[in-house]
There are 2 protein chains.
Amino acid sequence: MYARIRSLENISRSAPLPSPPIGWTRVHASRVKHPCIGNHPEENDGKGEEVEWRCSFVRPEGVWRIPSHSVLHIPSQSSVLTSHELAITSSYTATQLVEKMQKGELKSVDVVTAFCKRASVAQQLVNCLTEVMFEEAIERAKECDEVVEREGGRGKGLGKLHGLPVSLKDSFNVRGTTTTIGYIDFLSRPPATTDSNLVALLRSEGAIFYCKTNLPQTMMTADTHNNVFGRTLNPLNLGFTAGGSTGGESALIAMGGSIIGLATDIAGSCRIPALCCGLFSFKPSAGRVPFGGGVAPGRLGSPSSIAPVVGPMGRNVRDLELMLSTIITDKTWEFDESVVGVPWRKVEPVTQSLRFGLIRGHPKRPLHPPIARALHSAATRLKEHGHEIVLLDGLIPDLWDIWTLACKFFSLDPKNMPMEILKAAGEPPVPSVEKMSMGDNKWEPTLDALFDMNIAKWKVVKKFHDLIVEHQLDAVLLPGFQATAVPHDQYGEALYTALVNFLNYPSAIIPYLEANKQLDEPFFKSDVAYEPPYNAELFEGMPAHVQVMGKPMQDEELMEILKVVEEILGKNT
Amino acid sequence: MYARIRSLENISRSAPLPSPPIGWTRVHASRVKHPCIGNHPEENDGKGEEVEWRCSFVRPEGVWRIPSHSVLHIPSQSSVLTSHELAITSSYTATQLVEKMQKGELKSVDVVTAFCKRASVAQQLVNCLTEVMFEEAIERAKECDEVVEREGGRGKGLGKLHGLPVSLKDSFNVRGTTTTIGYIDFLSRPPATTDSNLVALLRSEGAIFYCKTNLPQTMMTADTHNNVFGRTLNPLNLGFTAGGSTGGESALIAMGGSIIGLATDIAGSCRIPALCCGLFSFKPSAGRVPFGGGVAPGRLGSPSSIAPVVGPMGRNVRDLELMLSTIITDKTWEFDESVVGVPWRKVEPVTQSLRFGLIRGHPKRPLHPPIARALHSAATRLKEHGHEIVLLDGLIPDLWDIWTLACKFFSLDPKNMPMEILKAAGEPPVPSVEKMSMGDNKWEPTLDALFDMNIAKWKVVKKFHDLIVEHQLDAVLLPGFQATAVPHDQYGEALYTALVNFLNYPSAIIPYLEANKQLDEPFFKSDVAYEPPYNAELFEGMPAHVQVMGKPMQDEELMEILKVVEEILGKNT
């Protein structure tokens, strides 16, 4: 690692990084004492011995790059996991795993070991991890099993997440583990001495932390890429982004290396990776999930009225509910002073017809055919099942204007701290950071402007509110992005996810359908400018999605609605 | 009114107002078409005819002032109210009135008329009203009674507040009624065309609005005094403040002219008037009660993290609960887009021993003996009833520093809009505004400073949180002010109430004991500087109080705790 830092010292911000060698680079970092998780077989001996170095995954960017392809099949074809371990990591929901471990039908040590192994495989293929805590995790799993043994499988074990391995975005602090969030400047920081508030809470419910996952430099792009850990790849197509900012998490879960993970989200960071990798995710209303005690990519104390939130990413709605209902209780506030301490409410399952608003995109970012088809198909199926659809296009405020205003809220810091952090280490911005406007000095935030920004924001919030009340909507269907995952560094604006943060509504991504050249063709429009460019061949097979937005603080009601949508969309027509 | 405006035009800000004449001044204001509510008998004929003028209550400030005294007894001694009307306005709780009206045992028209009459009497004595809507209110009451008649008294009538007269701080909008909030500049504004969101909600639950009440110029002082409506007096002692900013409400309720009213509170505006007039009030967690749709005294869009809230003021805990549980439902968000839409939770009554923190004040604002005695006695009684007291003095952050920081949050607007509004009309500040530091130009707010202010604030919030968690506290007992009500324009800093807004915890004022020279004497300290000065004779008989602070968003739990405190403190030892 130090070698890398030195090599960066004399690089100006505008100069490109020197081409990395093919394969992998061994970087000395004496403070790292973990089982090797490098991608070269000789380091990956699985014995878990402590080593004084780590392998940084580096991917050639030039002509030596291998053709794009999916690596989803590799874990089951590799000999690393036994068939039992493959079953553990792929045949259950998190909810089922917890139940089985509480009853003693599965051992936590087996579950945790299986996910550690699969995470190791994933790391070698898509570079999704930042820190590993495999040994500690397996030790903790043994303690879990002992409790169940003492209870004879008749209790709840250590809590609602008894023995369950949970993966974490790198920005969470886990005591004893470093949190660089991909900033070279943060490499000199000592390991965390305390857990993030949410980590402490989940520990108390029996969750087991075994790895942290990669994220973009500054955490403000949809490309999980930084100068410390390199770039995370999309397991469905290595040439594509896994999304961001929580792209290490989505790549890991898609690879089966985790069953549920925790993301942050201020403009889509929990939902973008999910939609890029064909996963479910839930962005709660702000303040419901403890956010404190982590490491931020920028300056603390922002007076922005768009608050970052934490949400789960996983493989189905029920697991997201397990996670949120575990986190949000009458004890949550005790773990985090900034939480809106309202316990998860028990609401009745949906039995009546629902009314969905439908937003079909903005002219500046027209929906790629696969997404247009998914949204159309979802709305059609919901109607077929007796639910109502109310078209909101033309009624809502301009989404591009909202995005523009949101970006101002994201860059209120007169000191522009993320860029200062890069400068402090002489670290160049990664391409996706270079491309974004955050470093643009033309926008000079002032306190006076912030008053006016808030008023402009309130008007938008009121307009959406009034539409929802007027049309008696239960939820709104909209895209999470205009496309499926896209090639690296092409994601661009996140207007469809940031809208929801701007409004502070809860929303979720439900994976639905896949890009299919033939089926998508009727949704192609020759008179629009797709951004990024649409190429049916390129996107073939990539997962599509719908975003479902609920009403503020009605996270519980949205969860019930999601179950309905999941069931209907999961059924074959 | 216009005469007054003209007379002010040539007055510079620093020049004192010319001495007003004794008694009352008739001021022409052609847009005012209401039954006269002046304090001169010939205008107060009770016939409700429309007149083209209104009487503005003006109180001599010089040697012609009559000696301080209480006017609480006058409504029952005057011949304005019948004995039935006196009973209606003084012998029931709001909860009982609603029940009786729903059953048809009392007619809303009688209840509303009784409160209109008593409010008229109150106005003549303490100048508490700004707008009256007596005729509309009585018409609405008739509709309520017709509904009950149709239901045969077996239904809920028009809602949870069926037929109940509710008074409102002037800053709420009621359609068809002007909202000047005491600014001369706002006199030129047309009447409101829409209701404030909360007003609309309460209307839908059968509440009847019959008057709006006075407030201080800028709404940022504890002296309800402005150049449009003059000064509201404390019914317990006309020489004392009724509190602010919702002092018209407290004076009216104390006079029996309202049974429950609605206040706003960003530093104590709902609680200060209550403690000044011997009433109960409840400041909820921010966002639980609709705030939108009213008229603000300053610039909208503030990025301050101290949010204004709305809370009820009344005569007992049960009525406060009736009001809040009516307002906070699963429909609340539909009335106001900025509400934290969490329905009022049903929590179990307290059956176990509670743990109270105790804050006994700050050295810069030591407690006057009556308040020290009330707090000591309350803590002692709670202990006698099996509850625990944990002394927090010395453990908490410095309250004066918190007050200083809070004031910065209150004055973030670089444009200092309240002062601009005064300038626009050539209106001088009233004495309490002149005395406060808001007009002080030394503090120059910047966006950069706001980041640091937020971090400083978070540290305080975390410290309180950690203390409450560490000591497993259910609530905290503290003063709402260091004194009882004080003579006009002497209130000064509101550090004990603003603390709670700063933390965004819910809190309530419970009136308890009265200043009693003999009993207070042991609590007198000769080595402290009381501010304002303590004079046992002067304060004799004024109501004392305790403030009870709950945990954030646990408004429901606090309400149950208040019932316990109310019962224990209400019992004779």
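Residues numbered from 1 in each chain as written. Chains lettered and ligands numbered in written order. Predicted model: local features only at pLDDT ≥ 70, side-chain atom pairs only at ≥ 80, totals over all residues. Heavy atoms only, no water.

In the annotation of an unreviewed UniProt entry, chain A is listed under the name Amidase and assigned to Periconia macrospinosa.

Caption draft 1: Highlighting the overall build of chain A. If you tally the helices and strands in chain A, you get 20 helices and 17 strands. A buried classification covers 61% of the 573 residues belonging to chain A. In chain A, the share of contacts with a sequence separation of at least 24, taken over all contacts with a separation of at least 6, comes to 80%. Carbon and sulfur atoms make up 52% of the accessible area of chain A, which amounts to about 21500 Å² in all. (Helix = DSSP H or I, 4+ residues; strand = E, 2+ residues; numbered from the N terminus. Buried < 20%, exposed > 50% of the residue type's maximum accessible area, 1.4 Å probe, protein only. Contact = heavy atoms within 4.5 Å. Areas by Shrake-Rupley, 256 points an atom, 1.4 Å probe, with all protein chains shown as cover.)

Caption draft 2: Highlighting the interface of chain A and chain B. Counting from both sides, the interface comprises 40 residues of chain A and, opposite them, 40 residues of chain B. Summed over both partners, the interface of chain A with chain B buries about 3500 Å², with 68% contributed by carbon and sulfur atoms. On the chain A side of the contact with chain B, Trp333(A), Leu447(A) and Phe451(A) bury the most area, a combined 23% of that side's loss. Seen at the junction of chain A and chain B, the total is six salt bridges. The shortest N-O distance in the salt bridge between Asp452(A) and Arg299(B) comes to 3.2 Å. Remark: the boundary between chain A and chain B carries twelve residue pairs in polar contact (both at pLDDT 80 or more). Within the residue set of the side of chain A that touches chain B, elements represented by two or more residues are α11 (332-335) and α16 (447-470) of chain A. (Buried area = accessible area lost by both parts, 1.4 Å probe. Salt bridge = Lys/Arg side-chain N within 4 Å of Asp/Glu carboxyl O. Polar contact = N/O pair within 3.5 Å; in protein donor to acceptor, adjacent residues only side chain to side chain.)

Caption draft 3: Inspection of the UniProt feature "active site" (unreviewed entry) in chain A at higher detail. Residue and element names in this part refer to chain A. According to UniProt, the feature "active site" (unreviewed entry) maps to Lys169, Ser245 and Ser269 in the numbering used here. For the annotated residues, spread through 101 residues, the largest C-alpha to C-alpha distance comes to 10.5 Å, consistent with a single compact locus. With respect to the helices and strands, the residue Ser245 is situated in the loop between β9 (237-241) and α8 (247-254). The exposure class assigned to Ser245 is buried, which follows from its relative accessible area of 1%. Discounting chain neighbours no more than four positions away, the residues touching Ser245 are Lys169, Asn214, Leu215, Pro216, Met219, Thr221, Thr224, Thr264, Ser269 and Pro273. A distance of 2.5 Å separates polar atoms of two side chains, one belonging to Ser245 and the other to Lys169. (UniProt positions renumbered as here; feature names shortened; annotations may be inferred.)

Caption draft 4: Layout of the relation of the copies chain A and chain B. Superposing chain A onto chain B requires a rotation of 180° together with a translation of 0.0 Å along the rotation axis, leaving an RMSD of 0.0 Å. Considering both components of the superposition, the chain copies are consistent with a two-fold axis. Distance from the rotation axis, computed per C-alpha, reaches its smallest value in chain A at Leu447(A): 2.4 Å. Both copies share a contact surface, since 100% of the interface residues of chain A are interface residues in chain B too. (Least-squares fit on C-alpha atoms with pLDDT ≥ 70 in both.)

Caption draft 5: Geometry of helix α7 (residues 197-204) of chain A. Residues and elements named next belong to chain A. For α7, the complete set of buried residues consists of Asn197, Leu198, Val199, Leu201 and Leu202. Along its buried surface, α7 packs onto β4 (165-169), β5 (208-213), β10 (260-265), β12 (309-314), α10 (317-327) and α11. Gly206, located one to two residues past α7, shows a positive phi value of around 90°.

Caption draft 6: A look at the packing of aromatic side chains. Under the criterion given, the structure shown has 16 aromatic pairs over all chains. A ring pair is formed by Phe240(A) and Phe539(A), whose centres lie 5.7 Å apart and whose planes are at 70°; its orientation type is edge-to-face. Residue Phe240(A) is found in strand β9, and its partner Phe539(A) is found in helix α19 (residues 536-539); the two are separated by 299 residues along the sequence. An identical accessibility class is assigned to Phe240(A) and Phe539(A); each is buried. Feature note: the residues Phe240(A), Phe524(A), Tyr530(A), Tyr534(A) and Phe539(A) constitute an aromatic cluster, connected by ring pairs. Here the basic side chain of Lys457(A) rests over the ring of Phe502(A), its NZ or CZ set 5.5 Å away from the ring centre. Over the face of the ring belonging to Phe186(B) we find Arg189(B), whose NZ or CZ atom lies 3.5 Å from the ring centre. (Phe/Tyr/Trp six-rings, centres within 6.5 Å; stacked < 30°, edge-to-face > 60°. Lys NZ or Arg CZ within 6 Å of the ring centre and 35° of its normal.)

Caption draft 7: Summary view of the packing of helix α5 (residues 108-126) of chain B against helix α6 (residues 134-151) of chain B. Residues and elements named next belong to chain B. The contact between α5 and α6 brings their axes to 7 Å, and the two run at 160°. Classified by the interaxial angle, the pair formed by α5 and α6 is roughly antiparallel. Considering how the two elements wind past one another, α5 and α6 form a crossing that is right-handed. Only Phe134, Ala137, Ile138, Ala141, Lys142, Cys144 and Asp145 of α6 make contact with α5, whose side of the interface consists of Ser108, Val109, Val112, Thr113, Cys116, Ala119 and Ser120. The residue makeup of the contact of α5 with α6, split by class, is nine nonpolar, three polar and two charged. (Axes fitted to C-alpha atoms, helices over the stretch in contact; angles between N-to-C directions. Parallel < 35°, antiparallel > 145°, perpendicular 65-115°, else oblique. Left-handed = near helix turned anticlockwise from the far one by under 90°. Nonpolar A, V, L, I, M, F, W, Y, C, P; charged D, E, K, R; others polar.)

Caption draft 8: Local environment of the sheet that holds β10(A). Residue and element names in this part refer to chain A. Strand order in the open sheet formed by eleven strands is β3-β5-β4-β10-β12-β11-β16-β17-β15-β13-β14, with mixed pairing between adjacent strands. If you trace the sheet from one side to the other, it starts and ends with β3 (129-132) and β14 (388-391), each paired once. Taken over all neighbouring pairs, the strand axes of this sheet differ in orientation by 30° on average, direction set aside. Alignment of strand β15 (residues 475-478) against strand β17 (residues 543-549), held across three bridges, turns out to be antiparallel. Its bridge partner lying in β17, Leu477 is registered against Val548. Lying over the sheet, helix α6 (residues 134-151) contacts β3 and β5, oriented at roughly 160° with respect to β5. (Pairing = 2+ DSSP bridges.)

Caption draft 9: Spatial organisation of the sheet that holds strand β3 (residues 129-132) of chain B. Residue and element names in this part refer to chain B. If you trace the eleven strands from one edge of the open sheet to the other, you get β3-β5-β4-β10-β12-β11-β16-β17-β15-β13-β14, paired in mixed fashion. Each edge of the open sheet carries a strand with a single partner, namely β3 and β14 (388-391). Each neighbouring strand pair of the sheet contributes to a mean axis angle of 30°, computed without reference to strand direction. Relative to strand β12 (residues 309-314), strand β11 (residues 280-283) runs antiparallel, the two being bridged by two bridges.

Caption draft 10: Here's a closer look at the side chain of Glu337(A). Within the element layout of this structure, Glu337(A) appears in the loop between α11 and β13 (355-358). Nearest to the buried, unbridged Glu337(A) among oppositely charged side chains is Lys462(B), at 4.3 Å. If sequence neighbours within four positions are ignored, Glu337(A) has contacts with Asn197(A), Val461(B), Lys462(B) and His465(B). (Lys, Arg positive; Asp, Glu negative; His and termini not counted.)

Caption draft 11: The arrangement of the pattern of salt bridges in detail. Residues and elements named next belong to chain A. Applying the stated rule across the entire model yields 60 salt bridges over all chains. Between Glu420 and Lys423 there is a salt bridge, and its shortest N-O distance comes to 3.5 Å. Of this pair, Glu420 and Lys423 are both found in helix α14 (residues 417-424), three residues apart, which corresponds to roughly one turn of the helix. For Glu420, a relative accessible area of 37% corresponds to the partly exposed category. Where salt bridges share partners, they join Arg288, Arg345, Asp555, Glu556 and Glu557 into one cluster.

Caption draft 12: Quick peek at the environment of Lys408(B). Turning to its location among the elements, Lys408(B) is positioned in helix α13 (residues 399-410). Setting aside chain neighbours within four positions, we find Lys408(B) in contact with Trp443(B) and Met453(B).

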